[in-house]
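# Understanding the architecture of this molecule
Chain by chain, the residues run as shown.
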Amino acid sequence: MNRAGERVLAVITAALLGVDAYVHLHYAHSYDQFKSSTMSEGTLFRIQGVVAIVVGVLLLIWPGVLTWLLSLLVAGSAVVAVTLYTYVDVGALGPLPDLYEHTWRPPGKVPSAVAELVAAVLSLIGLAVALRRRRAAH
């Protein structure tokens, strides 16, 4: 893949992280009522939104091995979490409240999950390209 192709891949992935961030930040207030002794689910949504923005911006500035790995971790962990907590009542884990929500109906949940899944796949591709480039340079 040439540099232009890598740039397009980074822009698309950053845009998908932007979708993830928008949904989490837009709907965070709806989840403030679900709390542990340490934080609310709304707070967790806000953290996810901000992290997705930061990683998306970093990916646009420097699409290298580290940023692709961060993108994969952010998008991949989000899609795994939303899928897991839709189908399994894991309960509260440490400082995290019980995130179980047994439906895909809440506004933004499906678009966010799709964006996270596609961003994770594109991040894997971007990571592979960056690793190949690193090996070729040595």
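All values derive from a computational prediction rather than experimental measurement.

A word on the overall build of the protein. Across its full length, the protein holds 4 helices and 0 strands. Compactness check: the protein gives a C-alpha radius of gyration of 16 Å against a globular reference of 14 Å for 138 residues, within 12% of the reference. Going through the 138 residues of the protein one by one, you find that 41% of them count as buried. With the model as given, the accessible surface of the protein reaches about 7,700 Å², and the carbon-plus-sulfur share is 71%. Mean positive and mean negative side-chain charge positions of the protein (10 and 8 charges, respectively) differ by 15 Å.

Scanning all chains against the criterion turns up 3 salt bridges. Here aspartate 32 and arginine 46 are joined by a salt bridge, their closest N and O atoms 2.8 Å apart. Taken together, the residues span a long stretch of sequence, with aspartate 32 in the loop between helix H1 (3-27) and helix H2 (41-61) and arginine 46 in helix H2 at a distance of 14 residues. What makes aspartate 32 partly exposed here is its relative accessible area of 26%.

Let us now look at the layout of surface pockets. Of the pockets and cavities examined, the largest pocket occupies roughly 480 Å³. Taken together, 24 residues make up the lining of the largest pocket; nearest its centre are His24, Phe45, Ala78, Ala81 and Val82. For the lining of the largest pocket, the elements supplying multiple residues, two or more each, are H1, H2, helix H3 (65-87) and helix H4 (109-137). Among the elements that line the lining of the largest pocket, the one with the most residues is H3, at 6 residues. In terms of residue class, the lining of the largest pocket is made up of 14 nonpolar, 6 polar and 4 charged. Taken as a whole, the second largest pocket encloses approximately 190 Å³ of empty space. The wall of the second largest pocket is formed by Arg3, Glu6, Arg7, Trp62, Pro63, Gly64, Val65, Ala130, Arg133 and Arg134. Elements with a contribution of two residues or more to the lining of the second largest pocket: H1 and H4. Grouping the amino acids of the lining of the second largest pocket by side-chain chemistry returns 4 nonpolar, 1 polar and 5 charged.

Scoring rules and cut-offs
- Residues numbered from 1 in each chain as written.
- Predicted model: local features only at pLDDT ≥ 70, side-chain atom pairs only at ≥ 80, totals over all residues.
- Heavy atoms only, no water.
- Helix = DSSP H or I, 4+ residues; strand = E, 2+ residues; numbered from the N terminus.
- Rg over C-alpha atoms; globule rule 2.2 N^0.38 Å.
- Buried < 20%, exposed > 50% of the residue type's maximum accessible area, 1.4 Å probe, protein only.
- Areas by Shrake-Rupley, 256 points an atom, 1.4 Å probe, with all protein chains shown as cover.
- Lys, Arg positive; Asp, Glu negative; His and termini not counted.
- Charge placed at Lys NZ, Arg CZ, Asp CG, Glu CD.
- Salt bridge = Lys/Arg side-chain N within 4 Å of Asp/Glu carboxyl O.
- 1 Å grid on protein atoms, 1.4 Å probe; cavity = no way out; pocket = protein on both sides within 12 Å on 5 of 7 lines; lining within 4 Å.
- Points joined across faces, edges and corners; volume = space filled by probe spheres on them.
- Nonpolar A, V, L, I, M, F, W, Y, C, P; charged D, E, K, R; others polar.

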